[in-house]
Amino acid sequence: DTAVSQTPKYLVTQMGNDKSIKCEQNLGHDTMYWYKQDSKKFLKIMFSYNNKELIINETVPNRFSPKSPDKAHLNLHINSLELGDSAVYFCASSPESVGYGYTFGSGTRLTVV
Amino acid sequence: GQQVMQIPQYQHVQEGEDFTTYCNSSTTLSNIQWYKQRPGGHPVFLIQLVKSGEVKKQKRLTFQFGEAKKNSSLHITATQTTDVGTYFCAEGTNAGKSTFGDGTTLTVKP
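Reading guide: rules and limits
Residues numbered from 1 in each chain as written. Chains lettered and ligands numbered in written order. Predicted model: local features only at pLDDT ≥ 70, side-chain atom pairs only at ≥ 80, totals over all residues. Heavy atoms only, no water. Helix = DSSP H or I, 4+ residues; strand = E, 2+ residues; numbered from the N terminus. Rg over C-alpha atoms; globule rule 2.2 N^0.38 Å. Buried < 20%, exposed > 50% of the residue type's maximum accessible area, 1.4 Å probe, protein only. Contact = heavy atoms within 4.5 Å. Areas by Shrake-Rupley, 256 points an atom, 1.4 Å probe, with all protein chains shown as cover. Lys, Arg positive; Asp, Glu negative; His and termini not counted. Charge placed at Lys NZ, Arg CZ, Asp CG, Glu CD. Salt bridge = Lys/Arg side-chain N within 4 Å of Asp/Glu carboxyl O. Core = buried A, V, L, I, M, F, W, Y, C linked by side-chain atoms within 4.5 Å.

A.B. asks: Hey, could you go over the overall build of chain B for me, with residue numbers and the actual values?
C.D. replies: Of the regular secondary structure elements, chain B holds zero helices and 10 strands. The secondary structure elements of chain B, listed N-terminal to C-terminal, are β-β-β-β-β-β-β-β-β-β. For 110 residues, the compact-globule formula gives about 13 Å, and the C-alpha radius of gyration of chain B, at 13 Å, lands near that figure. When its C-alpha atoms are laid out on the principal axes, chain B stretches across 40 × 30 × 20 Å. Within chain B, buried positions represent 46% of all 110 residues. Within chain B, contacts between residues separated by at least 24 positions form 53% of all contacts whose residues are at least 6 apart in sequence. Accessible surface, chain B as shown: approximately 5,100 Å² in total, 52% of it carbon and sulfur. When the 11 basic and 8 acidic side-chain charges of chain B are each reduced to a single mean position, those positions are 6 Å apart.

Right, dumping it as structure tokens:
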């Protein structure tokens, strides 16, 4: 069973469209995250959500909105997509206790044309 | 989260050579985590170091945490083609504020 699964794996869309990426974890972890990885491989935190608190990275445009229907799911909705949004988006989760590392999903490669 | 700087950004080695990547912070880290991302893959957690001066080994990989807990290194002995990928360090925190280093991408020439 996949621990952290995200869909879709690939997403190609036109500028201005709205799209969503879904993420689910079956590890019972308390905290989930969205990371953006650009072409230079830099991993940047976008959001984290631990069922109590949503932590927003101030550099993320408000066109990006996370939604967490329950502890096991954290979806990412993106409005009015721009060319610069093209990247690989990783969902990840971690337990409440520090020390066990993050478990990442396999990523969603978003291409905006 | 803490800002961690990682060097070098790229490293090209001949198979059998050693490889080291360094992670540095201007402030004391509570811990340091290391991840490996294979080409086309996702980051995979390798290890966490917590104690000052701690050294851990995983086969040909040696991880060190500095005495002042401001730096860390990952050393690979006798690289193999299976070692290719990008290695990231990060300070693990709860509340989801961890910052990853920029990564070191290793290529190994057979």
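There is more to say after this.
A.B. asks: Give me the pattern of salt bridges: which residues, what numbers.
C.D. replies: Residue and element names in this part refer to chain A. Throughout the structure, instances matching the rule amount to six salt bridges over all chains. For R63, the salt bridge goes to E82, with nearest N and O atoms at 3.5 Å. Of this pair, R63 sits in the loop between β6 (54–56) and β7 (64–70) while E82 sits in the loop between β8 (73–78) and β9 (87–94); the two residues are 19 residues apart in sequence, bridging distant segments of the chain. Take R63: its relative accessible area is 13%, and that puts it in the buried class. One continuous salt-bridge network, built from bridges that share partners, spans R63, E82 and D85.

A.B. asks: Describe the nonpolar core, with residues and values.
C.D. replies: W34, M46, F47, F64, L76, Y89 and L110 of chain A are the most contacted members of the largest nonpolar core, which has 19 residues in total. Listed by contribution, the elements that provide at least two residues to this core are β3 (19–25), β4 (31–37), β5 (43–49), β8, β9 and β11 (108–112) of chain A. If near-sequence neighbours (up to four positions away) are discounted, M46 of chain A is found in contact with W34, Y35, K36, I55, I56, N57, V60, F64, L76 and Y89 of chain A. Counting 18 residues, the second largest nonpolar core, distinct from the first, contains F19, L29, I76 and V108 of chain B.

The values are spatial; any link to function lies outside them.
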